[in-house]
Amino acid sequence: MAFVRACGLSELEEDTPKRVELDGTPVSVVRTEGEVFAINDICSHANVSLSEGEVEDCQIECWLHGSAFDLRTGKPSGLPATRPVPVYPVQIEGDDVLVSLSQES
């Protein structure tokens, strides 16, 4: 599994998504509850950026229609979204946040 640098750990504010692009794939990197998560940045219901939404209870909410996605699994917790979004493995090396575009789910 190949990991690439997404950003610096010091660049991540708690519960504030950071949008990055890795090999043409938009990814939202989120630091919350003592962990760092990487989830595809595009809502499965509407073509909007999840990184513009809010993070709470290990979920990221789509700002447009309010669907929330679990940062661990990518599964939606409520309508209107019914399909999950991909999540990606994360490793921390020093201040580097590394993400693999191989999907965990």
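Residues numbered from 1 in each chain as written. Predicted model: local features only at pLDDT ≥ 70, side-chain atom pairs only at ≥ 80, totals over all residues. Heavy atoms only, no water.

The name given to the protein chain in an unreviewed UniProt entry is Ferredoxin subunit of phenylpropionate dioxygenase, with the source organism recorded as Streptomyces lincolnensis.

### Comments concerning the sheet that holds strand S5 (residues 55-56)
Overall, antiparallel pairing links the three strands, which are arranged S5-S6-S7 in an open sheet. The two strands at the open ends of the sheet, each matched to only one other strand, are S5 and strand S7 (68-70). With three bridges joining them, strand S6 (residues 59-61) and S7 adopt antiparallel strand pairing. The partner of Ile 60 across the bridge, within S7, is Phe 69. (Pairing = 2+ DSSP bridges. Helix = DSSP H or I, 4+ residues; strand = E, 2+ residues; numbered from the N terminus.)

### Observations concerning the sheet that holds strand S8 (residues 87-88)
Read across the open sheet, the four strands follow the order S2-S3-S4-S8; overall the sheet is antiparallel. Both outer strands of the open sheet, strand S2 (18-22) and S8, are each paired with one neighbouring strand and no more.

### Here's the deal with the pairing of S2
Two strands pair when backbone bridges link them, and S2 and strand S3 (residues 25-32) are joined in this way by five bridges, in the antiparallel orientation. The residue of S3 that forms the bridge with Lys 18 is Val 29. Between S2 and S3, which pair antiparallel and follow one another directly, the connecting turn spans two residues, one of which, Asp 23, has a positive phi of 50°.

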